[in-house]
Amino acid sequence: MISIEELVEPIKIYNPKADLDAIRKAYDYGLEAHTGQLRASGESYFIHPIEVARIVVQLKLDEATIKTALLHDTVEDTSSSLKQIENIFGPEVAQLVDGVTKLTNLQLSSLETKHAENFRKLFVAMSKDLRVLLVKLSDRLHNMRTIRALPLEKQVRKSRETMEIFAPLAGRMGMQSMREELEDLSFRVLNPEARNSIIRRFLTLRKETDDLIPKIINDINQQLGKENLNARVTGREKKPYSIWRKMQDKKEGFTRLSDIFGFRIVTDKETDAYIAMGAVHRRWRAVPGRFKDYISHPKSNGYRSIHTTVSGRDGKRVEVQIRTNEMHEVAESGVAAHWSYKDGERVKNPFVVDPFKWLRGLSEGFIQSENPSDFFEHVKLEMFQDQVFCFTPKGEVIKLPRGATPIDFAYAIHTGIGDSCVGSLVDGQRVPLWTKLKNGQSVSIIRSAAQKPQSSWESMVFTGRAKSAIRRRLREEHRSENIKVGKEIARVSLKKIGKKSTEKALNTVAKKLSFGNSDDVLAALGSVELTGDELIRILYPKKVTGLSLPSFGARKLSFMGLKPGQEAKTASCCMPIPGERIVGVAIRKEGITIHAIDCDCLGDLDDNLEHWIDLRWPEGDIQTSHPTCLTISMYNGMGVLGRICTLIGERGANITNIDFCDRKPDFYKIIIEIHVKDLKHLSDIMTSIEVDSDISVVERTREILQRVEPGEIKSMVN
Ligand code: MN
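(A) Structural context of the nonpolar core. Residues Ile 11, Leu 70, Met 173, Met 178 and Leu 182 are the most contacted members of the largest nonpolar core, which totals 59 residues. Secondary-structure elements contributing two or more residues to this core are helix H1 (4-14), helix H2 (20-33), helix H3 (47-58), helix H4 (63-71), helix H6 (82-105), helix H8 (130-145), helix H9 (152-172) and helix H10 (176-190). Both domains that furnish three or more residues to this core are identified here as domain 1 (4-105 + 128-189) and domain 2 (193-346). Those residues in contact with Leu 182 that lie beyond four places of it in its chain are Leu 137, Arg 140, Leu 141, Met 144, Thr 162, Phe 166, Ala 167 and Ala 170. Counting residues in hydrophobic clusters, the runner-up holds 44 residues, among them Val 485, Val 509, Ile 658 and Val 698.

(B) Expanded view of the coordination of the manganese ion. Binding of the manganese ion to the protein goes through His 48 (NE2), His 72 (NE2), Asp 73 (OD) and Asp 139 (OD), at separations of 2.1 to 2.4 Å. Spacing between the donor residues of the manganese ion along their common chain follows H-x23-H-D-x65-D. Linking His 48 in helix H3 with His 72 in the loop between H4 and helix H5 (74-77), this pair joins segments that are 24 residues apart in sequence. In this pair, the class of His 48 matches that of His 72, namely buried.

(C) A look at the sheet that holds strand E13 (residues 443-447). Pairing within the open sheet is antiparallel, and its three strands lie in the order E12-E11-E13. Because the sheet does not close on itself, it has two edges, and the strands there are strand E12 (429-431) and E13. The mean angle between the axes of side-by-side strands here comes to 35°, regardless of whether they run parallel or antiparallel. The sheet contact formed by strand E11 (residues 421-426) and E12 spans three bridges and is antiparallel. Residue Ser 424 lies in a different strand from E12, and its bridge partner there is Val 431. Of the strands in this sheet, E11, E12 and E13 are in contact with helix H18 (residues 406-413), which crosses E13 at around 85°.

(D) Molecular detail of the side chain of His 626. Within the secondary structure layout, His 626 lies in strand E18 (residues 626-635). Among the polar contacts made by the side chain of His 626, one reaches the side chain of Thr 624 at a distance of 2.8 Å.

Rules of the game
- Residues numbered from 1 in each chain as written.
- Predicted model: local features only at pLDDT ≥ 70, side-chain atom pairs only at ≥ 80, totals over all residues.
- Heavy atoms only, no water.
- Core = buried A, V, L, I, M, F, W, Y, C linked by side-chain atoms within 4.5 Å.
- Buried < 20%, exposed > 50% of the residue type's maximum accessible area, 1.4 Å probe, protein only.
- Helix = DSSP H or I, 4+ residues; strand = E, 2+ residues; numbered from the N terminus.
- Domains from an automatic or database assignment.
- Contact = heavy atoms within 4.5 Å.
- Donors = N, O, S within 2.8 Å, 3.2 Å for Na, K, Ca; no water.
- Pairing = 2+ DSSP bridges.
- Axes fitted to C-alpha atoms, helices over the stretch in contact; angles between N-to-C directions.
- Polar contact = N/O pair within 3.5 Å; in protein donor to acceptor, adjacent residues only side chain to side chain.

Listed below in structure tokens is the structure:
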């Protein structure tokens, strides 16, 4: 076990101002907390947090991150509480430790490759602060370095996780050496045969080419010397895993030097990097298609470098990367460089990628216009705060916008699951369907074959997908309801002229009106886009005359009380019908409007009493039809609505509109607009509806249905 002094030694160099005593305190606290615990290898447990801290120190990270590394397993594995950590080490460290603990507790066991990207995002989402990820990656790196102590099955599982989640995450964060080591350690477990065969090839090639690396370095140095360039040239063998992956991609073996060795030129200044490139290209021929300039086009993780491949010694291909010191630093430690120190100061490297921008790249357009200044110090993962990641019982990750409910979750899995959803369990607890889901929750949906989407769900869902699925289903529901009603309307209308409603007749109408099929005709009748009279007019044009009363708008009425030349129209607020006591109100611009005497609007017109005109309906049988609305609450059972429509039709009234306004599983409420002759006709209809045992309430309503324009009566006094 390394001592605390060994641990802090490098910190003194890169961050002399660091509070080393505070780090010593974290060391002592961790040592004490883990006393008596052993690792799988049999060593003392505390070796692990120290080694994690050492990796963090190698990344030259800040004090808080080092303390977090030393304490990262205390809350999870010892009797320490987060509160204690906060009391002793302050809120910053406590929050970081809490973040690491949460990631540790995240179940990754059911990992599938296709969900790996979601898991990576979940990781970032749950981290809140990128330093949490840096500690977690360091934790995983040390665990992978010591993985041999675990049973094989566990080794494989951990290695797969590392390959799928941790290594790509390190790559995304621009931490190349971290990524390469994680990959290689996993590769060793997951595919030892492949790795060994690559290493064997290495050895043979190395023998064939004997010490080629120093020779090539020497060649490059000579060439740079001619330009008087101050630069460091290094060469290295590539990692077996990256070679293997390239072989997989290209489906070919490795034979070329450029597949195995990589050379690097690190310069002081950017201009020198280009001079170096020119020098290399002047001496050796560049291989076409292998040149890339990531200095002028940096990668989103901040990576900058010139890549080129040249035909070197004896025509053998050599791959060269050229960059400056600062670029090199970012290429090695990526986003972590944002928090790193040098000579006691936060590193002022112009190429360090702003973690905010990095996250923006990672989030792939999830955020619109957050203010970068809010993110300056400790990165808050705003755009991930717009999202929650939840699990299915099988461990599949479902990504949802924040504010989503179990219904959204259900629709996100499958429309059929959404449609049949009756309840949900969140982390095993029964919760209401409007509950907002949180990150990391596991959600299971309780279903029933009898369930249908409810209109009340529309206000409970957050995702467009759920909303449109619910609307579509409700519309389909309406359509089938409309078809049912339409059937009755067709039957009653045709019965009045002694005809039957047949499929053939409906198809004829469909053809004439260019509807798709007979159901479309019925749906149009049910939604009153088409009336029963129109249906008859199409099928039996001669039968129409005298069949029903002309609409009141189509026939002039002689109201008693109007002066010669005066015109009057009925008010849309109350839609008076003959038999009702009415009053005319003259408003200069609008002419005379006829209101029912009990119309609410009249209250607002009190000031203009002199404009009120005493009007009466014409005497005798008026022979016009007038629109009025009924609100009906009825039992939601087969055929009830159809029966009501039949009844209305048989009583000689036309249905001109139906609106479903409230649906409960057992009852529903409709507003139905009908054309009646007069008040007596209306009350006759209402009584016959009321006696139906499935009807709970029938009321006349002044509430006019929106799409119906009230007719105008242009009336002249004789
Ligand atoms: Mn750990």
